[in-house]
Amino acid sequence: LWKEGDMATEAIQKLAEKGAVGSILEEIQQNKDYDSEIGYDKYLYALDPKVEYEPITMTSSNRYLSAIAKMVPSPDWFSGFHDFNCINEEDDV
């Protein structure tokens, strides 16, 4: 969906500019490499600091994690990471 140095997709632009998650969820599900669960929260505010998510199961065949977040109140900022390898290469855990 995005990589450093590349242009963001239209779905990423909608998320960054409007906070819209519908397009990005569709884009992820239509990705031929998609075979995992999607976790998201449309509204996450600093006023409610306790937020709990379901655990994410990582395996040697499902080792990469990506995330994106809109930075409010800016109209077009977002932050995230792409294909973070969550598995220790030495121990494969």
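Every chain begins its residue count from 1, and numbering advances along the sequence as written. Selection of residues for local features in this predicted model requires a pLDDT of at least 70, selection of side-chain atom pairs for listing and counting requires 80 or more, and totals for whole chains, interfaces and linings are taken over all residues. Note that water and hydrogens are dropped before the side-chain values are worked out from all heavy atoms of the structure.

S.K.: Pulling in residues and values, what's your account of the overall build of the protein chain?
M.R.: Each helix and strand counted, the protein chain has two helices and two strands in total. A run of H or I in DSSP becomes a helix once it reaches four residues, and a run of E becomes a strand once it reaches two; helices and strands are each numbered from the N terminus. Counting from the amino terminus, helix and strand elements in the protein chain follow one another as α-α-β-β. Looking at the protein chain residue by residue over its 93 residues, the buried ones come to 13%. When contacts within the protein chain are restricted to residue pairs at least 6 apart in sequence, those whose partners lie at least 24 apart make up 36%. Methods summary: accessible areas were calculated by the Shrake-Rupley approach with a probe of 1.4 Å, and residue burial reflects only the protein chains presented. Per element, the accessible surface of the protein chain, about 7800 Å² overall, is 51% carbon and sulfur. With a 1.4 Å probe rolled over the protein chains alone, any residue whose accessible area is under 20% of its type maximum counts as buried; one over 50% counts as exposed, and the rest are partly exposed. It only takes one pair of heavy atoms within 4.5 Å for two residues to be counted as in contact.

S.K.: Describe in detail helix H1 (residues 10-18), supporting the description with residues and values.
M.R.: Regarding H1, the residues found buried are Ala11, Ile12, Leu15 and Ala16. The buried side chains of H1 occupy one side of the element, clustering within an arc of 135° when seen end-on. Turned more than 90 degrees from where H1 packs its buried face, Glu10 and Lys18 sit exposed. At the C-terminal side of H1, glycine 19 shows a positive phi close to 75°. Note: the arc covers the axis-to-C-beta directions of the helix.

S.K.: Pulling in residues and values, what's your account of the side chain of arginine 63?
M.R.: Locating arginine 63 in the fold gives a position in the loop between helix H2 (22-30) and strand S1 (64-70). Looking at arginine 63, the relative accessible area reads 12%, which means it is buried. There is a polar contact of 3.0 Å between the side chain of arginine 63 and the backbone oxygen of serine 60. Residues within four places of arginine 63 in sequence aside, it is in contact with Met58, Phe84, Asn85, Cys86, Ile87, Glu89 and Asp92. Two N or O atoms count as a polar contact when they lie within 3.5 Å, although within protein this holds only if one can serve as hydrogen donor and the other as acceptor, and sequence-adjacent residues are included solely when both atoms are side-chain atoms.

S.K.: Residue-level account of the packing of aromatic side chains, with values.
M.R.: Geometrically, a pair of aromatic rings is defined through the distance of the ring centres and the angle of the planes. The rule is short: rings of Phe, Tyr and Trp, with Trp giving its six-membered ring, pair when the centres are within 6.5 Å, and they are stacked under 30 degrees, edge-to-face over 60, tilted in between. Evaluation of the coordinates by the stated rule reveals one aromatic pair. Aromatic pair phenylalanine 81 and phenylalanine 84: ring centres 6.2 Å apart, planes at 75°, arrangement edge-to-face. On the basis of relative accessible area, phenylalanine 81 is assigned to the partly exposed category, the value being 39%.

S.K.: Account for the nonpolar core, naming residues and giving values.
M.R.: For our purposes a nonpolar core is just a set of buried Ala, Val, Leu, Ile, Met, Phe, Trp, Tyr and Cys residues, chained together by side-chain atoms within 4.5 Å. By size, the foremost hydrophobic cluster in this structure holds six residues: Ala11, Ile12, Leu15, Val21, Ile24 and Leu25. Among the elements of the structure, H1 and H2 are those that each provide at least two residues to this core.

S.K.: Please give an account of the environment of phenylalanine 81 that cites residues and values.
M.R.: Tracing the backbone through its elements, the reader meets phenylalanine 81 in strand S2 (residues 78-85). In sequence terms phenylalanine 81 and lysine 3 are 78 residues apart; their C-alpha atoms lie 8.6 Å from each other.

S.K.: Explain the packing of H1 against H2 residue by residue, including any values.
M.R.: Where H1 meets H2, the axes come as close as 8 Å, and the angle between the chain directions of the two elements is 150°. When the interaxial angle is binned, H1 and H2 end up roughly antiparallel. In the crossing of H1 with H2, the sense of the turn from one axis to the other is left-handed. Facing Ala11, Ile12, Lys14 and Leu15 of H1, the residues of H2 in contact are Ser23, Ile24 and Glu27. Across the contact of H1 with H2, the residue classes tally to four nonpolar, one polar and two charged. Axis geometry follows a simple rule: fit a line to the C-alpha atoms, using only the stretch in contact for helices, then measure angles between N-to-C directions, giving values from 0 to 180 degrees. Angle categories: roughly parallel below 35 degrees, roughly antiparallel above 145, roughly perpendicular from 65 to 115, and oblique for all the rest. A crossing counts as left-handed when the near helix is turned anticlockwise from the far one by less than a right angle, and as right-handed when that turn is clockwise. Put simply, Ala, Val, Leu, Ile, Met, Phe, Trp, Tyr, Cys and Pro go in the nonpolar bin, Asp, Glu, Lys and Arg in the charged bin, and everything else, Gly too, in the polar bin.

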